[in-house]
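# Structural features, examined
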Amino acid sequence: MLNEFKKLAKDFRVYLRAFTLTDANTSHDWRVDDEMIEGSVGRKYFVSPDYEKKWVNDVIFSPGNSLKLAVCLKENHQHIGNAYLDNVDCFNQNALFGLMIGEKSQWGKGIGTEITLLMLYHAFYEMNLKRVYSYQLEDNIGSIKVHQKCGFQQEGVLRKAVFKHGELVNLNVMGILKEEFDQKVCEMLKGQSNNRANNRGRE
Ligand SMILES: CC(C)(COP(=O)(O)OP(=O)(O)OC[C@H]1O[C@@H](n2cnc3c(N)ncnc32)[C@H](O)[C@@H]1OP(=O)(O)O)[C@@H](O)C(=O)NCCC(=O)NCCS
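This write-up is about the structure you can find in this document. Please read these numbers as outputs of a predicted model, since none were measured by experiment.

### Some points on the overall build of the protein
Assigned secondary structure in the protein consists of 7 helices and 7 strands. When the helices and strands of the protein are placed in sequence order, the string is α-β-α-α-α-β-β-β-α-β-α-β-β-α. Relative to its length of 203 residues, the protein is compact, with a C-alpha radius of gyration of 17 Å against a globular reference of 17 Å. Taken across its 203 residues, the protein has 27% of its residues classed as buried.

### Regarding the pairing of strand β6 (residues 153-164)
If a strand is regular, its side chains alternate between the two faces of the sheet. Within β6, only 0 of the 12 residues are buried, which leaves it mostly out in the open. Two strands pair when backbone bridges link them, and β6 and strand β7 (residues 167-177) are joined in this way by 8 bridges, in the antiparallel orientation. Across the sheet, the residue bridging to Gln154 is Met174, located in β7. Counted between consecutive antiparallel strands, the loop separating β6 from β7 contains 2 residues, among which His165 sits at a positive phi close to 50 degrees.

### Digging into the site of the ligand
Around the ligand, the structure places 23 residues, and the nearest of them are Gly39, Ile101, Gly112, Gly142 and Lys145. Of all elements in the fold, only α3 (34-39), β4 (94-101), α5 (111-125) and α6 (141-149) reach the threshold of two or more residues within the shell around the ligand. Ranked by residue count, the leading element in the shell around the ligand is α6, at 6 residues. Tallied by class, the residues present in the shell around the ligand amount to 9 nonpolar, 11 polar and 3 charged.

### Comments concerning the pairing of strand β5 (residues 131-137)
Judged from the 3 bridges that link them, β4 and β5 form a sheet pairing that is parallel. The partner of Asn94 across the bridge, within β5, is Arg131. In this view, the connection linking β4 to its parallel neighbour β5 by way of α5 has right-handed handedness. Sheet topology places β5 next to β7; 7 bridges connect them, and they run antiparallel. Each residue of the ladder has a partner; that of Tyr135, found in β7, is Val173.

### Focus: α5
Relative to the 21 Å expected for 15 residues at 1.5 Å per residue, α5 spans 21 Å between its end C-alpha atoms, a close match to the ideal helical length. When you tally the buried positions in α5, you get 11 out of 15 residues, the bulk of the element. Buried within α5 we find Ile111, Gly112, Glu114, Ile115, Thr116, Leu117, Leu118, Met119, Leu120, Ala123 and Phe124.

### Re unusual backbone geometry
A positive phi is found at Lys160, a non-glycine position, where the angle reads about 45 degrees. As for its placement among the helices and strands, Lys160 is situated in strand β6. With 11 C-beta atoms counted inside 10 Å, the residue Lys160 sits in the exposed group. Here the phi dihedral of His165 falls at roughly 50 degrees; this positive angle occurs in a residue that is not glycine.

### Comments concerning the environment of Leu118
Along the chain, the position of Leu118 falls in helix α5. Along the primary structure Leu118 and Phe181 are separated by 63 residues, whereas in three dimensions their C-alpha atoms are 11 Å apart.

What counts and what doesn't
Residues numbered from 1 in each chain as written. Predicted model: local features only at pLDDT ≥ 70, side-chain atom pairs only at ≥ 80, totals over all residues. Helix = DSSP H or I, 4+ residues; strand = E, 2+ residues; numbered from the N terminus. Rg over C-alpha atoms; globule rule 2.2 N^0.38 Å. Buried ≥ 20, exposed ≤ 12 C-beta atoms within 10 Å, placed from the backbone. Pairing = 2+ DSSP bridges. Near = placed C-beta within 6 Å. Nonpolar A, V, L, I, M, F, W, Y, C, P; charged D, E, K, R; others polar. Right-handed = clockwise from strand over helix to strand, strands pointing away. Expected span 1.5 Å × (residues − 1).

Spatial relationships are all this shows, so hold off on functional conclusions.
Given below as structure tokens:
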């Protein structure tokens, strides 16, 4: 799978890296942005620059059972978002995935899909996990679509599971198994080579 995934990810516009202490300066702005909070599963809370620094500090020095990474653009190394594998459960070989593109100018360009695939590869092939799951607000169509595109299956709905905008709302649950990820990568590679062949035919 390594070779197949390398081929697929060759033209990705983003890469993942460890957090550095100065990342808090960038991510603080995202954390207090209402539109960002709107789409996320978490509740609205007030985040000072100092709190964000502590959050980044903890991510670096006390990660516990989670892996949190910064997402950067290859073209200029700009930090544009964060990606997470939380609740990493080595015994049951699963983890909870989450992502956030903080730089709104990068929404709607397929970058969420690239981030998800990079994190899934890491989860399945570097961390030896077998299942990755994720929660989305039922009205976060963009997030649900990104997960679907990457091969996640609908697993259920947690009814009235989070308090959002003054009411309890449902949480969508999606999950992907390692073999489903492998299949998706092969499908995507096939699509990529068909597109290349079609483009050559048009030239
Ligand atoms: C949700 C989010 C991850 C989507 O990432 P993205 O890079 O903008 O999504 P992509 O460009 O990869 O889009 C994938 C698909 O979803 C669709 N989509 C994206 N945003 C959409 C939206 N707001 N409404 C409807 N469809 C949307 C795209 O059209 C695309 O579909 P297509 O391939 O059929 O054209 C990103 O917008 C984000 O981080 N938002 C803020 C935080 C958040 O909501 N996090 C998710 C927490 S679960």
